[in-house]
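Structural features, examined
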Amino acid sequence: MIKRIFGFSVEHPKLIILLTLIGTCVFLWQFPKIKIDTDPKHMLPTTSPVRVYNDEVDRLFSLHADTIVLGISNKEGIINQNTLKKIALITQSVLKIKGVIAQDVLSLSTVNDVIVKEDSLEVRPLLDNIPETKSELETMKKVLYDNPMLVDRFISKDGKTTAIYIPIEPAANGKAIADLIRKIVKEVGSPEEYHLAGDPIARDTFGAQMFMQMGLFSPISGMVMCIALFFMFRNYTLVFTNMAVAMISIFWSLGLLIGMGYPVHIMSSMMPVFLMAISTDTVHIFNEFYFRFREVKDKRRAVIETMNTIAKPVFYSDLTTAVGFASLATGAIVPVKIFGLFVAFGTFVILIMSYTFVPAVLMLIKESSIQKALKREDIKQDKAQSTSWLVKLGNFSLSKRSAILKIGLILMALSIIGISQIHVNNNMVSWFKAKSEIRRSDKILNKELGGTSLAYFVLDSDKEDLIKEPSTLRYIEALQRQLEENPLVGKTTSVADYVKHINRVLHQNDPRFEVIPDSKEKIAQYLFLMEMSARPNDLNNVVDYPFKKANIWVQVKTWDAGVMRKLIQAVQKYTLNHPLPKSLKFKPAGIAYFNMVWNDEVLWGMISSFLASLVLVLGLLMFEYRSLKWGIISFIPLLATIIIIYGMVGWIGKDFDMPISVLSTLSLGMAIDFAIHFVSRFKQRYKEVPNLEEALVWTVGRPGKGIIRNAILFALGFAVMMFASLTPYITVGIFMALIMVLSSIATLIYLPALIDKFF
Amino acid sequence: MRNIKALIMILVLGMVWAKPSFPGDTLTPEEIVRACYANFYYAGNDMKARILMKLIDKGGQERIRELTMLRKNYAEGGGQKYFIYFHQPSDVKNTTFMVYKYPDRDDDRWLFIPAINLVKRIAANDKYSSFVGSDFSYEDVSGRKIQEDSYRLLKEEELNGKSCFVIESLPKGSAEYTKRISWIDKVNYLPLREEFYDKQNELYRQFEAFEIKDINGIPTATKTVMKNVKTGHRTEVTFQSTEYNLGIGDDIFSERYLRRRPTEWIK
């Protein structure tokens, strides 16, 4: 069957190329329908419990999921006429931006404060009138510092930084709004410094930059691979064919994805690079073709013989890769599923092209140009004194097989210890470089103010007016103090703080009254006063409508998912030691909680799909070789590569995050190919020449060259990413090169030693 | 001065009643709004109403405010006094609230908090803030000054079978809204619908009067709603009983009665 396919391709090369072109046009036709979704949040479906609960909390407490924080700092202190004027001006301009939820923008000039002035209560925005005289400025300072709810939120302890909190609509693009805000502050100008932070900016900027970098680095990787290919084969047509196969598989699978109406998500935006990598598998065909052509000196025969020998390993390596990726679809994370399935489809396209398009193009190459390229290679080989270094390497592996096997085992053991020390964490802000504006702003704001990440703990009950009970408020207050013991918690705010503040204000601002009052009536009437005066939302943010539920705001100074886990534990511990009445409980929510769940679900979803695909690949290998032993042997390079890579991640203490987990799937595509090529070709050779050591050395020397070429190509292609501006790409670039080195070492050194020992 | 204003109002109203079918021909947009304010905020010499306010959030959760409001006019379109007593929610019972409204300066407001037996004057420099947590601002409850906006008659059209003037008001100075569009009933000059636009020039609040009753010959909007389009929050107001021209004494509007409700008027 397979023979008939490439037989047909050899007979009708032009027809095959034409058909391929037509097919490509059909898929390209879909491209204008492209929809892009840059929001990493969408990795979890809208129906996932964390999103449903977060939405419910947002609705209950009139909160907004996405808030941008604009920090404004002045070395001389912000309480001066000029800076205050600027704050008012910036706030006014921000309110006009579409997508900004104007009524809930909080800054010194919009937030209400209740203060006592002589015999009257005054309720007004803090910055209603810009203070002019020195004494007015002093009064304002006092007002700010007298209200614990404002310190660390609207003014830093040293008085040099303030912030504007800008909630945006769910559909709005955080980066687009951030760009407009940047323009506004640029016009307002120095000496103040401005810092933009917040989850929506990080998310949307990351999404946007990811697409940009994919758009930039996919072609650059392609170019670098082209150049490397040219130096390997010295033939433009071959370089073109290799790249054409990559492009065709990219166009077909992206075209299908778009045509089926799926948005291109951050996960699927990585498809081109993956497919480009997988398509390097065709190098094995060219590699073998060059060897064959040298032997038979006839292009047609060389092509047919090449295809006869290589068809099987190419088939199995692509099939295994495809199955590996397709099995990502067993997980629960939808974008990962889609990604897996479409990469699998792309791999099938590569397989089909290997049988049709590649032999067709080989038939059209002029014999003379191949001969020219070969001559150059021969000269080089002569210089290398007839036996290539690969053959020497093969001999080396066999002679030192015990030592190699021992070293391998020790490495694996060390790696497993390393893996046990892996720290699972995700921090989207750290995906930006340390010097990037986003990361710098985040650092400054976290240092000066309460924290840019936000968690909620919702006290949930069924009893109306429960929150007005003094005992409830005291419990909330005590829990807040408990949470604040974590050094990464910058500030907590709850309805208890509002009640305490009003109590103080109503008692001549006497600090001794900064406590929870002793009767329900007082609390109820203070809250009523709040409703009558302040912006109602201030209160709605911390209690629900029937006063059944209360919401504690916890500002966190890091985006690490791990901190949220600790806070949840702290609350659990506290409620265990200080039992709550039945039917009462605290539930976590908010963006920090979302990030934690996202981290857990996406990462573990990824890991479990990956483990599933490992098992599947192992089963497939056993089936392919109809042998348990050979299945395991060809599985070893993949397993060793993964164990060592993650062992290293553990040892160097790098957080196991999203990009690192994506890497695992990449190794799936590569390490397994090398092993399949090696084992299949070895078995073929061993059947022809039943001398174990000779066959092993031959395999290292001949298909091994293809493997090395493939590895170099691949490592170079990915190395380009080290120059990216997002750290995940740098990580992927570095680790990919490592994976290549490791899996080619595992295949070319460890496998021969292993086979020699146990065969 | 006040008397002159009152006189103007009487004249304006006189014209309105004299020529009910073609007022648009003779009245300027400003005069229409003036008549509207007079009928909506200044009906009768005084008024007593038991009012139920339902604050309903996006998810349908409710908070109730039940109050009795006493209102006395001191000059048409000018000074007014309000006395408000809260019956519900029960834990704020006996809370009272009083407003003196002046034609030429900021209101004075006082609040009595029974749990700590405290009367506090509340400086009211934020007339845009919410009235007792509802979607109405203080300004919506007690009215805006006529000279603060400029007016334009956009068109005349039917709204729910009633012919209306549609008038656009643009604030001259800073205001809570950037544009307000009002549908004013040509017959009784009550606002049937109002739309408020924000700084992004988007509709954010919408007022609607959907029940008008004749009480002692005075057309009164007895069921109204203010909806915040952006937050999905709304406030439904029902005037459960309304009486006009009762002869409420000046002494009611005092600190003494803030602390102890005037049982003569409020049971």
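Right above here is the structure, for reference.
The paragraphs below set out a description of the structure included in this document. (Residues numbered from 1 in each chain as written. Chains lettered and ligands numbered in written order. Predicted model: local features only at pLDDT ≥ 70, side-chain atom pairs only at ≥ 80, totals over all residues. Heavy atoms only, no water.)

1. Looking at helix H10 (residues 283-296) of chain A
All names here are of chain A. For H10, which comprises 14 residues, the first-to-last C-alpha distance of 20 Å matches the rise-based estimate of 20 Å (1.5 Å per residue) to within 8%. Considered for burial, the residues of H10 that qualify are Val283, His284, Ile285, Phe286, Asn287, Glu288, Phe289, Tyr290, Phe291, Arg292, Phe293 and Val296. Lysine 297 occupies a position one or two residues after H10 and carries a positive phi of about 60 degrees. (Helix = DSSP H or I, 4+ residues; strand = E, 2+ residues; numbered from the N terminus. Expected span 1.5 Å × (residues − 1). Buried < 20%, exposed > 50% of the residue type's maximum accessible area, 1.4 Å probe, protein only.)

2. Things to note about the interface of chain A and chain B
Of the residues lining the interface, 42 residues belong to chain A; the matching set on chain B comes to 36 residues. In total, chain A and chain B occlude about 3400 Å² of area from one another, counting both sides; carbon and sulfur atoms represent 55% of this. When the buried surface of chain A facing chain B is broken down by residue, Phe528, Met532 and Tyr545 of chain A rank first, second and third, together holding 24% of it. Taken together, chain A and chain B are joined by two salt bridges. Along the contact surface separating chain A from chain B lie seven residue pairs in polar contact (both at pLDDT 80 or more). Secondary-structure elements contributing two or more residues to the side of chain A that touches chain B are helix H3 (49-60), helix H4 (81-95), strand E3 (112-117), strand E4 (120-125), helix H20 (520-533) and helix H21 (536-540) of chain A. Of the residues assigned to the side of chain A that touches chain B, the class counts are 20 nonpolar, nine polar and 13 charged. (Contact = heavy atoms within 4.5 Å. Buried area = accessible area lost by both parts, 1.4 Å probe. Salt bridge = Lys/Arg side-chain N within 4 Å of Asp/Glu carboxyl O. Polar contact = N/O pair within 3.5 Å; in protein donor to acceptor, adjacent residues only side chain to side chain. Nonpolar A, V, L, I, M, F, W, Y, C, P; charged D, E, K, R; others polar.)

3. With respect to the packing of helix H11 (residues 299-326) of chain A against helix H12 (residues 334-355) of chain A
Residue and element names in this part refer to chain A. Their axes nearest at 8 Å, the elements H11 and H12 cross at an angle of 170 degrees. The angle between H11 and H12 places the two elements in the roughly antiparallel class. Of H12, the residues touching H11 (which contributes Met307, Ala311, Val314, Phe315, Asp318, Leu319, Thr321, Ala322, Phe325 and Ala326) are Phe339, Gly340, Leu341, Val343, Ala344, Thr347, Phe348, Ile350, Leu351, Ser354 and Tyr355. Of the residues contributing to the contact of H11 with H12, the split by class is 16 nonpolar, four polar and one charged. (Axes fitted to C-alpha atoms, helices over the stretch in contact; angles between N-to-C directions. Parallel < 35°, antiparallel > 145°, perpendicular 65-115°, else oblique.)

4. A closer look at the sheet that holds strand E12 (residues 585-589) of chain A
All names here are of chain A. Spatially, four strands are ordered E10-E11-E9-E12 in an open sheet, and the strand pairing comes out antiparallel. Of all strands in the sheet, those bounded by a partner on one side alone are strand E10 (489-493) and E12. On average, each strand axis in the sheet is tilted by 25 degrees relative to the strand beside it, whichever way the strands run. Across four bridges, the pairing between E10 and strand E11 (residues 550-556) is antiparallel. (Pairing = 2+ DSSP bridges.)

Interpretation note: all reported values are geometric properties and have no functional meaning in isolation.
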